[in-house]
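# Residue-level structure breakdown
Next come the chains, spelled out residue by residue.
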Amino acid sequence: MTNRLAETKSLYLRKHAENPIDWWSWCDEALATARVQNKPIFLSIGYSSCHWCTVMEGEAFSDLAIAQYMNANFLPIKVDREERPDLDSIYMQSLQIMSGQGGWPLNVFLSPDDLVPFYAGTYFPVDPRYGRPGFLQVLQALRNYYDTEKEELRQRKAVIVEALLTSAVLQNGASQEVEDHQLLQKGWEICTGIINPKQDGNSFPMIPYCELALRGTRFNFPSRYDGNQVCTRRGLDLALGGIYDHVAGGFHRYTVDPTWTVPHFEKMLYDNGQIVEYLADLWSAGIQEPAFERAVAGTVKWLQREMTAPTGYFYAAQDADSFTNSTAAEPEEGAFYVWSYSELQQLLTPEELTELQQQFTVTVNGNFEGQNVLQRLHPGELSQTLEVALGKLFTARYGATTENLATFPPARDNQEAKTTNWPGRIPAVTDTKMIVAWNSLMISGLARAAEVFQQPSYLELAAQAAKFILDHQFVDGRFHRLNYEGEATVLAQSEDYAFFIKALLDLHQADLENSDWLEKAVSLQDEFNEFLWSVELGGYFNTSSDNSQDLIVRERSYMDNATPSANGIAIANLVRLSLLTDNLHYLDLAESGLKAFKGVMSDSPQACPSLFTALDWYRNSTLIRSTTVQIKPLMSNYLPTTAFSKVSDLPEGSVGLVCQGLKCLPAPGSLEELLEQVQRSQNRG
C-alpha cells in the first residue's frame, strides 16, 4: 500500500511511497495537522542520488515497528532538498549548530507551533550500531522529552533561533576596515590552500575555490603556494582521476580517498557544468593539457547521450548504485562503471590489456572491492590502441558502439531499470527533473568551452537548454525553479536567478551577434531585484518576499558548497551588467552587496570564495568595445574580469577601446596593444 508520496513528482519522494510511514510532503495542511494534533514534526530531507538516504529508506523507514510509533507520535514530512534548498539550508545549519557537522539524510525534529528544531541528526540505523543509537529508541526518547521537559525545550529552541537569526543578519564588526586589496589577497591565499593537495580524506572538486585560485594567479601575491601549480594539479586530478569516467565521459561527485582514485559514483549535473568551465579556463590560461580537452569533449558527449531531454534541457543526476542483474534485490554502488580483471581479459586483446595496465590503475585484485576503477597514471594524449580499448569497454557497458549510440534512454526508477531489456549493463537511475540553477551551471560551462575550444556545437547545446528555460519556466509572469515533464513548479530561489543570469551573460559573450541573451538577463535581473533584494541589509535573500511564510528565518546565501554561493555569483553579475549596459545602478547594488558581506569575507574567507571572485570583478572590471571580427580572437584568452561589447564605430586607426571602471583608455592601434591594456586593467585593483 502506498502513502501520499506516490502522487508527488519528485523521484526522491516517490522512492518513499511504499514505506509504512505515513509521510506528508511539506505543505500548509501538514503543518496545520501537526499543530492541531500537537505532534512534533519529524522532518527528513535528502535527494534521489544520496546513498545513505537510500540505505535509510530501505532500513529504518521500512521497519513496521518504527513506522507504527512514528505515525502515532510524530507528523512525518519528507522533503527533496533539490526542490526546497531554502528549507534544507535552514535545517542543515541547525544540525551544524547542534552537532558541529552536517550531511544527508538530514533528519530534524521540530516543534509544530513554531517549526523550530530541537534535535537533529543524519543516518539513524534500525538497531544500535556504528556508535549510533537505534532509531526507535531515538523516537521514544524525543517524544518523552517533548512531552515532559517543556522549559528545557523552550530554552533549547531559543538558543537555536538566536543562532540562526544572528547568522542571517551578519552584523559586521571592526573587521570591515580591511582594505579590499588585502582582503582579496587573504581570501586567495586561504582558498588556494584549501585545494592544495592533501594526504588524507575525501577529494571533492571544489570548483569555486579553484576558480578563485586561478584568477588570483595574475596578481603574483607573495605566498607559500604556487597558484599555477595548485590549479594545474587540480585540473590533472580531475581529468586523470577515477572521478572522471574515462570510458563514457562525465564526472562523478567526489572520491573517497585523497588520491582521486575511487569515486562516490553518482554524477551530478552541477559538478559537470562547473568542471567543464574550469578545465576550459585552465586551457585558456595557457595550461593546454590534452587530457583537459579529452575530458571536456567526453563530458559533452555524455551530456548529449544520457542527460539531455528531447525538449532540450538537462537532467539533474544519475545514481551511484545500479543493479548487476534483473533479479538482484538491491543495487550495488558503482556496478555500472567498474571492471573485473577477468572481464578486461575477455574484452581486450593481450596488447590492449598490457597498454591499459601501463596507463591506468588496472590490477588483478582491483582497487575497489575486487573491481577496477580506471584512473590514468600519466597526462598527455592516449594512444589509438587505448582509445580502441576504451571503445570496447563502452560497447560492453552500453551494448552499442560510441558511433552508433547518439542517445541512451534514462532509467527513471529502479523498476524501470530492472525490467527494461538493456543491450548492455543495467544503468543507474537518472533523475530527469529540470533544475534551473543546475542547468545554468552547465550552460555556462558549455558556453565557455565553446569559446576556448572553438566548438560551435557546445554553444548550440547550451542555447537549446537556455531557450527551454526561457520558454517554460515563467508562470503568471514569475520565474520558476523546477520542471517535471513540461510542468514548471516551485518559485525560483536566489541560486536559480543568479546562475541563470550568469548563464545568459555567458551566452551573450559567446554569441555577441545575438542581443536577446543580454536583454533577457536584464529583464530577469529586474525580477530578482524586486522580489529577493534586501533593501535593509544588502545582498539577496534565498527566497522571494512573497514565498517565505513557512520559513523560521530568511537567509542570504553567502557560503560556497558543492555549488557557488548565490550572492557571490549575483554580485559578479551586477558588475558585468553595469559594464554591458552602462547602468550604474547595478554597480551601486554590487557595492552594497559586497559591503553587506565584507565582515564574513574577513572573518571566514574559507567559506566564501565566490564573494572574493565578485570582489575581483568589482575592483578590476574591464570592458573591451570592438567589432565582432576583432573580438573573436580575444575570446579564447583567459581574461577573468573582462566583458566584451560589440560596436560598429571605432576611432580611426583603432582596433577597439578598453574601458576600466568609469573611464576608457587611449584607443589602441593593434590587438597586441589592446591586450597589454587589458592585462594592466585587470591588475589595477
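Residues numbered from 1 in each chain as written. Predicted model: local features only at pLDDT ≥ 70, side-chain atom pairs only at ≥ 80, totals over all residues. Heavy atoms only, no water.

### Here we look at helix α8 (residues 180–195)
Residue pairs three or four apart in sequence face the same way in an α-helix, which turns once every 3.6 residues. Between its terminal C-alpha atoms α8 stretches 23 Å, which fits the 22 Å expected from 16 residues at 1.5 Å a residue. Elements in contact with the buried residues of α8: α9 (207–216), α10 (227–240), α22 (584–603) and α23 (609–620). (Helix = DSSP H or I, 4+ residues; strand = E, 2+ residues; numbered from the N terminus. Expected span 1.5 Å × (residues − 1). Contact = heavy atoms within 4.5 Å.)

### Side note on the pairing of strand β19 (residues 657–660)
The pairing of strand β17 (residues 622–626) with β19 spans four bridges and is antiparallel. Note on β19: the bridge partner recorded for Thr622 is Gln660. Direction of pairing for β19 relative to strand β20 (residues 663–664): antiparallel, over a ladder of two bridges. Within β20, the position partnered with Gln660 by the bridge is Lys663. The antiparallel pairing of β19 with β20 creates a hairpin that spans two residues between the two strands, and Gly661 there sits at a positive phi of about 60°. (Pairing = 2+ DSSP bridges.)

### Re the nonpolar core
Judged by nonpolar contacts, the single largest core of 155 residues is most densely connected at Phe109, Phe135, Leu303, Phe314, Ile443, Leu446 and Phe500. A per-element tally of this core places helix α17 (residues 436–453) first, with twelve residues. Excluding its chain neighbours within four sequence positions, the residues that come into contact with Ile443 are Phe314, Ala462, Ala465, Ala466, Ile469, Phe500, Ala503 and Leu507. Of all hydrophobic cores here, the second largest spans 37 residues; its members include Phe323, Trp339, Leu353 and Tyr398. (Core = buried A, V, L, I, M, F, W, Y, C linked by side-chain atoms within 4.5 Å. Buried < 20%, exposed > 50% of the residue type's maximum accessible area, 1.4 Å probe, protein only.)

### What about the UniProt feature "domain: Spermatogenesis-associated protein 20-like TRX" (unreviewed entry) in the protein chain?
Taken from the UniProt record, the annotation "domain: Spermatogenesis-associated protein 20-like TRX" (unreviewed entry) applies to residues 2–164. In residues 2–164, helix accounts for 47% and strand for 15%; the two terminal C-alpha atoms are 36 Å from one another. (UniProt positions renumbered as here; feature names shortened; annotations may be inferred.)

### Some points on the pairing of strand β18 (residues 642–646)
Looking down a regular strand, the side chains alternate between one sheet face and the other. Where burial is concerned, most of β18 is hidden: four out of the five residues are buried. Direction of pairing for β17 relative to β18: parallel, over a ladder of five bridges. Note on β18: the bridge partner recorded for Leu623 is Ala643.

### Some points on empty space enclosed by the protein
All told, the structure shown has three cavities of 30 Å³ or more when counted by the stated rule. Computed from the structure, the largest cavity encloses a volume of approximately 700 Å³. Every element with two or more residues in the lining of the largest cavity is listed here: α9, α11 (269–284), α17, α19 (494–510), α21 (566–581), α23 and β18. In this structure, the second largest cavity occupies an estimated 80 Å³ of space. The wall of the second largest cavity is formed by 14 residues, among which Tyr244, Asp245, Tyr337, Val373 and Leu374 lie closest to the centre. (1 Å grid on protein atoms, 1.4 Å probe; cavity = no way out; pocket = protein on both sides within 12 Å on 5 of 7 lines; lining within 4 Å. Points joined across faces, edges and corners; volume = space filled by probe spheres on them.)

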